[in-house]
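# Structural overview
Each chain, letter by letter, is given below.
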Amino acid sequence: MANSWRGDRLPDIVRSMASRPRHEALRGLITELLREGFGAAFSELEHERYLVDNSGRIDVAWGATVIELKSDLRREERDVVARMPDYLADASRGSAPGRTTVGLATDGATLLAYTLDLGRLTSIGRYDVDVDHPERLLTWLEPLLSPVPEVMPTPIAVALAFGRYSLAFGRAHAQLQRLWSEVGDHPEVRLKRNLWDGLLRQVYGDDVGSDALFLQHTYLTILVKAIAARVLDLEIGDPAVLSGRLLANEGIVGAVEADFFDWPLLATGGDDLVRSLAAETIRFRLRDVKVDVLKSLYESLIDPDERHDLGEYYTPDWLAARVVTAAIPRPLEQRVLDPSCGSGTFLFHALRRLIEAGRQAGVPPAEIVETCADRVFGIDVHPVAVALARVTWLLALGDLVQDRPPTLSVPVYMGDSMQWNLRPLGASAEVLVDVPPNDPPLRIPAGLASDQHLFERALDEAQPRARHARRAGGHSPCHRSRRRDHRGRGHARPNVRAAQGTLS
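Residues numbered from 1 in each chain as written. Predicted model: local features only at pLDDT ≥ 70, side-chain atom pairs only at ≥ 80, totals over all residues. Heavy atoms only, no water.

Okay, the overall build of the chain next. Along the chain, the regular secondary structure elements total 21 helices and 14 strands. Within the chain, buried positions represent 55% of all 504 residues. Across the chain, every contact between residues at least 6 apart in sequence was considered, and the portion connecting residues at least 24 apart equals 68%. (Helix = DSSP H or I, 4+ residues; strand = E, 2+ residues; numbered from the N terminus. Buried < 20%, exposed > 50% of the residue type's maximum accessible area, 1.4 Å probe, protein only. Contact = heavy atoms within 4.5 Å.)

This part is about the sheet that holds strand 3 (residues 65-69). An order of 1-2-3-4-5-6 is seen for the six strands of this open sheet, with the pairing classed as mixed. A single partner strand is all that each edge strand has here, and the edge strands are strand 1 (46-50) and strand 6 (120-128). Put simply, the sheet's adjacent strands are angled 30 degrees from each other on average, direction ignored. (Pairing = 2+ DSSP bridges. Axes fitted to C-alpha atoms, helices over the stretch in contact; angles between N-to-C directions.)

It is worth spelling out the nonpolar core at this point. Side chains that are nonpolar tend, in soluble globular proteins, to be buried together. Grouped together as the largest cluster of nonpolar side chains are 86 residues, with contacts concentrated most on Y219, L247, W393 and L394. Tallying contributions element by element places helix 9 (residues 211-231) first for this core, with twelve residues. With residues up to four places along the chain from it excluded, the contact list for W393 reads L347, L351, C372, A373, V376, L408, V410, P411 and V412. Core analysis: the next-biggest nonpolar cluster, separate from the first, contains 29 residues, I13, L29, L45 and L69 among them. (Core = buried A, V, L, I, M, F, W, Y, C linked by side-chain atoms within 4.5 Å.)

Turning next to the confidence of the model for the chain. As a note on interpretation, predicted positions should not be read in detail where pLDDT is low. With 79% of its residues at a pLDDT of 70 or more, the chain shows a mean pLDDT of 80. In this model, residues 474-504 is a region of pLDDT below 50 whose contacts with residues beyond four sequence positions or in other chains number 98 contacts. (pLDDT = per-residue confidence, 0-100.)

The buried fraction of strand 4 (residues 102-106) is high, at five of five residues. In strand 4, alternate side chains face the same way, and those of V102, L104 and T106 on one face and G103 and A105 on the other are all buried. Direction of pairing for strand 3 relative to strand 4: parallel, over a ladder of five bridges. For E68, the partnering residue across the bridge sits in strand 4 and is A105. Count of turn residues in the strand 4/strand 5 (residues 110-117) antiparallel hairpin: three residues, of which G108 carries a positive phi of about 100 degrees.

Read from one edge to the other, the open sheet built from three strands follows the order 8-9-11, with strand pairing classed as parallel. Each edge of the open sheet is held by one strand with a lone partner, namely strand 8 (336-338) and strand 11 (412-414). For this sheet, the mean inter-axis angle between neighbouring strands, taken without regard to orientation, is 15 degrees. Bridging between strand 9 (residues 376-380) and strand 11 involves three bridges; their strand directions are parallel. Within strand 11, the position partnered with G378 by the bridge is V412. Packed onto the sheet, helix 15 (residues 345-360) meets strand 8, strand 9 and strand 11 and runs at close to 175 degrees relative to strand 9. Together, strand 9 and strand 11 form the strand contacts of helix 17 (residues 383-396), whose direction differs from that of strand 11 by roughly 170 degrees.

This paragraph deals with the environment of A113. Counting through the fold element by element, A113 comes out in strand 5. For A113, the contacting residues outside a window of four places in its chain are G103, L104, T122, S123, I124, G125, W140 and L167.

Turning to the pattern of salt bridges, a few remarks are in order. Considering all chains together, one arrives at 26 salt bridges under this definition. Two residues, D72 and R74, come together in a salt bridge whose shortest N-O distance is 2.9 Å. Overall, the relative accessible area of 9% leaves D72 in the buried class. The shortest N-O distance in the salt bridge between D197 and R201 comes to 2.5 Å. Here D197 pairs with R201, and both are found in helix 8 (residues 187-204), just four residues apart, close to one helical turn. (Salt bridge = Lys/Arg side-chain N within 4 Å of Asp/Glu carboxyl O.)

The next subject is the packing of aromatic side chains. Under the criterion given, the structure shown has nine aromatic pairs. Ring centres of Y127 and W140 lie 5.6 Å apart, and the angle between their planes is 25 degrees; on these two criteria the pair is classed as stacked. Placement of the pair is Y127 in strand 6 and W140 in helix 5 (residues 135-145), with a sequence separation of 13 residues. The buried category is assigned to Y127, whose relative accessible area is 9%. Taken together, the aromatic side chains of W180, W196, F214, F260, F261 and W263 make up a single cluster linked through ring pairs. (Phe/Tyr/Trp six-rings, centres within 6.5 Å; stacked < 30°, edge-to-face > 60°.)

Turning our eyes to something else, we now look at the packing of helix 15 against helix 17. Across the interface, helix 15 lies against helix 17 with an axial gap of 9 Å and an inter-helix angle of 20 degrees. Judged by the inter-axis angle, helix 15 sits roughly parallel to helix 17. Seen from above, helix 15 lies across helix 17 with right-handed handedness. Touching L347, F348, L351, R352 and I355 of helix 15 are T392, W393, L395 and A396, all from helix 17. (Parallel < 35°, antiparallel > 145°, perpendicular 65-115°, else oblique. Left-handed = near helix turned anticlockwise from the far one by under 90°.)

Another point: helix 14 (residues 317-327). For helix 14, the complete set of buried residues consists of D317, A320 and V324. Down the axis of helix 14, the buried side of the element spans an arc of 60 degrees, and every buried residue falls inside it. Exposed and facing more than 90 degrees away from the buried side of helix 14 are W318, R322 and A326. Along its buried surface, helix 14 packs onto helix 12 (293-301) and helix 15. (Arc of directions from axis to C-beta.)

Rendered as structure tokens:
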């Protein structure tokens with residue numbers, strides 16, 4: 001019945017809304033949309049509800065959502081801005097604890113979304129109805145209205161739910177701006193932002209870092225880390241998801257690490273931001289992904305003109321799949337390295353090809369996962385691309401993630417694959433890792449760098465020693481190489497991990 005309504009009736013509703021119908025006709029359309037599209041019971045919907053102080057009436061209210069109906073928002077938006085704070089404040093009195101009250105204003109053709117942030121009205125989204133794609137209206141509204149975790153994670157669904165014009169991004173961006181105004185000048189936060197800026201300068205050869213881009217990258221990174229936890233059925237509301245500790249406790253190494261983008265935890269309300277963003281991922285069946293959906297998410301967040309200026313173009317999934325099929329005829333025998341992996345599109349399809357070959361050959365699931373970790377690698381110099389590619393690598397496992405071995409290292413590394421800092425060391429070689437600003441390079445024997453589990457154990461052993469050396473004021477090579485780790489671990493450790501990637 002629901003599918004029939006979406007196919008037969010929803011297009012008519014969207015066409016009628018686009019015409020900016022009269023007030024009562026619009027009320028009827030919105031009511032039907034809430035009841036049939038989101039399962040609102042008739043008894044739950046309130047019409048013309050007076051405010052507590054009788055100073056006005058809310059046109060439609062459902063739970064934590066209030067809806068103001070207008071004739072034409074092109075000339076009535078100022079009135080919405082003036083009245084909406086009272087509506088939201090009134091609705092928040094009866095809202096469930098921890099749930100954000102959201103206000104919608106619509107004339108049918110356009111929907112504007114608002115929330116209160118510390119008592120101030122904040123715009124969190126805008127949507128212009130598309131009569132050619134009526135389902136997109138429900139997708140845009142879904143994070144606001146629907147708690148059902150049954151959404152297929154297609155690229156368009158993910159982009160509409162989390163992209164630049166989504167309610168999730170609008171809400172999170174408003175919070176990030178407030179958090180940034182609170183802690184942006186904190187020494188630790190400033191250091192992380194500067195390290196990020198330096199890496200982007202290395203990536204693009206120009207000064208492209210801005211506070212706005214840093215906030216976008218922060219949002220994106222928090223979201224993909226929450227997705228990683230969601231795929232693994234971990235407690236996604238735990239802010240520890242940003243450090244990778246949740247995954248490390250499950251034996252998964254290298255998928256999520258502390259980096260530049262955990263700075264919101266230093267601000268008041270930062271924990272709430274992480275929890276609310278993580279909660280947005282619950283409704284997607286993330287183990288059912290068919291393509292690199294995180295690529296679509298990135299493309300939907302970064303302004304197209306900006307991506308054009310930066311020369312950022314991502315390979316379509318259909319082309320990546322064809323290239324992988326042609327280049328990897330024996331997936332169970334070949335090793336794959338994408339030296340500029342971006343969000344991990346080629347890694348995704350290489351893993352899916354390997355998994356299918358393993359299943360056809362009757363290989364046990366845990367052994368297939370071990371083979372994936374041993375044979376499909378990625379490197380990229382962009383810090384956000386690496387964060388996406390690591391989670392894409394996990395998403396490619398699908399249900400096999402349940403059958404992973406006790407320890408699983410995700411072989412995606414941050415580093416410049418064009419720089420091969422190797423030099424002879426007896427019959428082998430050693431990797432030289434530059435240590436800023438002017439300290440001697442860190443020397444890593446090839447035998448250590450080429451054994452992933454041994455390499456990770458060595459880093460974990462070195463970290464407490466480096467901290468001890470810092471407290472003691474020492475200047476051991478380990479201290480020199482990792483002394484930024486407590487401020488920006490995502491900068492120091494991934495560069496060292498990249499040395500391993502060059503030898504894999």
